[in-house]
Amino acid sequence: MDAAPAYQVVARRYRPQRFADLVGQEHVARGLSGAIESGRVGHAYLFTGARGVGKTSAARIFAKALQCANGPAPEPCNECDACRDIAAGQDVDVVEIDAASNRGVDEIRQLRQNVAVRPARGRAKVYIIDEVHMLTREAFNALLKTLEEPPGHVKFVLCTTEPDKLPITILSRCQRFDFTIVAPGPIARRLAQIVEAEGAEVTPAALDLIARRAAGSMRDSQSLLEQLLGSATGHIGIDEVHALIGTGREERVGEIISAIAARDAAAALAAFDAAVQGGADPGGVLDQLVAALRDCLLASVGCGPDVMTQPAGLGVDLAGLGRQMGTATLLAMLQILDQTLSRMSLSSHVGVLAEMALVRLAHLEDLDSLAAAVAGLPESPAAASAAPPREKKTPELTLPRPQPAPVARAEPEPEPRPESPVARPVSPEAPPQSPAVPRTEPRTEPRLPPKPEAVEPRAVEPRAVPARSQAALLRETANHPLVAHARSLFDASIRRVEKRQPPAAEMAAPTTSDESTGGQINDANASEHAGVE
Ligand SMILES: [Zn+2]
């Protein structure tokens, strides 16, 4: 080997070197080494799967097993020159191409010319094309020509995180292996091996937290571990991991969930505040809540303990809380958190958004018993008066139902609306269209729980399409940015006509915006007054 490299990151130093080392991808390892053993090696393979799950590592192991001086063998020896050169990325017959930076037709033409040349040392030439979905259409066409009639000594391994972007003509010429995301358990075991090899001390609970945080990506978990080893010294526990990834202590998350289940917003906010004071990041805490509520949700639909991912450190019975809160309520909660997290990525006041979300969760109605109550209601003819659904943000909740189009507008407000309190806190700082958003979440919920076939479509309908009062609709319309803009233009032109004073007309321009916002409020009031008059 060459002179010792300065420093190699953990993920590279501990890259798997044999099929048996591929964590969580046993089906792939079996398929590939079986193909070599039986002499039925195809000429093109497609490895798909999320980032960091071992696609490129598997491709290299496969290349080694084909080229090994003691092979072709079901496992490479990792001793011979070929094995060592391939592992170091220096073998002339194993070519790795990053399609993200070589995506044009010229690069692929070059590749086609090289393909014709016989291997210099090994039995085969192996082309590993990473991120193959990044190739241009012309490049795919050029590659296709090679895939159609490759020379016998050429093997292709195409790796991608997005197989849907590949042309069907390419897909149909490859043997496809789907890499799965890796479960936290195997990741934590692998991390423990690395920690031991590095001579470090990290508690199993800390490794477990890293493994869960990596969300199935072995490489992400190793990068986190490396960061941890670099930032902390001595005996490393779970607090160091929390500090690194911005999450709160697990008992805090448990407290928040208990408070939400008890509909105690103040207690939820207190626990959240304590987590943030302890160094957690608001988004990190909400992420933890999502993970814990996910376990609650699975328990609420009857899943067993084997699918639970949350540690016992939360100190609460997630399964019990899940059954207590009910599936529909949990779905709505998760949706609120999901929307909040995506809004937080764009916002500069993430703490407030997180607190708003917690208050909304704690104030959420018991949607399951609501749904049960609704299922028992007689059909209301006024259901048709509902406004058409305007929101697109909750498509997953509106799935299970054929939708008869709401027709005639009868009188507004047919029944006292069980207006959810969660709709309120948002409006002050939300963008104009969002007052509508929270309103639909709780309302669309009751459709979800299974109900007798005969009752569901009509009894649930009134809630599915929220009835709005005329005044509310007018108010929302008046607040729409386009309407406001049109009104400001209109106001400005009126003013120009009324005041025929050239200098004042120039001055009027800047004031229009102020006046138009005032106009909005006036108009909204006016529209309500209009109804009275
Ligand atoms: Zn070898």
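Read on for a plain summary of the structure. (Residues numbered from 1 in each chain as written. Predicted model: local features only at pLDDT ≥ 70, side-chain atom pairs only at ≥ 80, totals over all residues.)

1. Regarding helix H16 (residues 327–344)
Then step 1. Taking 1.5 Å of rise per residue, 18 residues should cover 26 Å, and H16 covers 25 Å from first to last C-alpha, within 8% of that figure.
Then step 2. Among the 18 residues of H16, 13 are classified as buried, and the element is accordingly described as predominantly covered. (Helix = DSSP H or I, 4+ residues; strand = E, 2+ residues; numbered from the N terminus. Expected span 1.5 Å × (residues − 1). Buried ≥ 20, exposed ≤ 12 C-beta atoms within 10 Å, placed from the backbone.)

2. Thoughts on the packing of H16 against helix H17 (residues 350–363)
Each pair of packed helices can be summarised by the angle the axes make with each other and by the distance between the axes.
Then step 1. Viewed as axis vectors pointing N to C, H16 and H17 meet at an angle of 170°, and their least axial separation amounts to 10 Å. In this view, H16 runs roughly antiparallel relative to H17, as classed from their interaxial angle. Taking contact as the criterion, the partners of Met333, Ile336, Leu337, Thr340, Arg343 and Met344 in H16 are, on H17, Val350, Leu353, Ala354, Ala357, Arg360 and Leu361.
Then step 2. Class assignment for the residues of the contact of H16 with H17 results in nine nonpolar, one polar and two charged. (Axes fitted to C-alpha atoms, helices over the stretch in contact; angles between N-to-C directions. Parallel < 35°, antiparallel > 145°, perpendicular 65-115°, else oblique. Contact = placed C-beta atoms within 7 Å. Nonpolar A, V, L, I, M, F, W, Y, C, P; charged D, E, K, R; others polar.)

3. Brief notes about the pairing of strand S2 (residues 94–98)
Then step 1. Of the pairings in the sheet, the one linking S2 to strand S3 (residues 125–130) comprises five bridges and is parallel in character. Bridged to valine 94 within S3 is valine 126.
Then step 2. Viewed along the sheet, the connection from S2 through helix H5 (residues 105–115) into S3 turns out right-handed. (Pairing = 2+ DSSP bridges. Right-handed = clockwise from strand over helix to strand, strands pointing away.)

4. Considering the nonpolar core
Then step 1. Membership of the largest hydrophobic core comes to 69 residues, with the highest contact counts inside it found for Val157 and Ile210.
Then step 2. Per-element accounting of this core gives the leading share, seven residues, to helix H3 (residues 55–67).
Then step 3. For this core, the two domains that each supply at least three residues are domain 1 (10–178) and domain 2 (184–245).
Then step 4. Those residues in contact with isoleucine 210 that lie beyond four places of it in its chain are Leu191, Ser221, Leu224, Leu225 and Val241. (Core = buried A, V, L, I, M, F, W, Y, C linked by C-beta atoms within 7 Å. Domains from an automatic or database assignment.)

5. Examining H3
Then step 1. With 13 residues, H3 should cover 18 Å at 1.5 Å per step; its first-to-last C-alpha distance of 18 Å lies within 8% of that length.
Then step 2. Among the 13 residues of H3, twelve are classified as buried, and the element is accordingly described as predominantly covered.
Then step 3. What H3 keeps buried is the set Lys55, Ser57, Ala58, Ala59, Arg60, Ile61, Phe62, Ala63, Lys64, Ala65, Leu66 and Gln67.
Then step 4. Here the buried face of H3 lies against helix H2 (26–37), strand S1 (44–48), helix H4 (81–87), S2, S3 and strand S4 (154–160).

6. As for the sheet that holds S4
Then step 1. Spatial strand order, S2-S3-S4-S1-S5: five strands in an open sheet with parallel pairing. Among the strands making up the open sheet, the edge pair consists of S2 and strand S5 (175–178). Sheet twist, expressed as the average angle between the axes of neighbouring strands with direction ignored, equals 15°.
Then step 2. Pairing analysis gives five bridges linking S1 to S4, with the strands arranged parallel. Counterpart to tyrosine 45 in the pairing with S4 is valine 157.

7. Thoughts on the packing of helix H8 (residues 184–198) against helix H10 (residues 218–231)
Then step 1. Here H8 crosses H10 at 40°, and the two axes come no closer than 11 Å. In the packing of H8 onto H10, the handedness of the crossing is right-handed. Within the contact between the two elements, H8 uses Ile187, Arg190, Leu191, Ile194 and Glu198 and H10 uses Met218, Ser221, Gln222, Leu225 and Leu229.
Then step 2. Class assignment of the residues belonging to the contact of H8 with H10 gives a composition of six nonpolar, two polar and two charged. (Left-handed = near helix turned anticlockwise from the far one by under 90°.)

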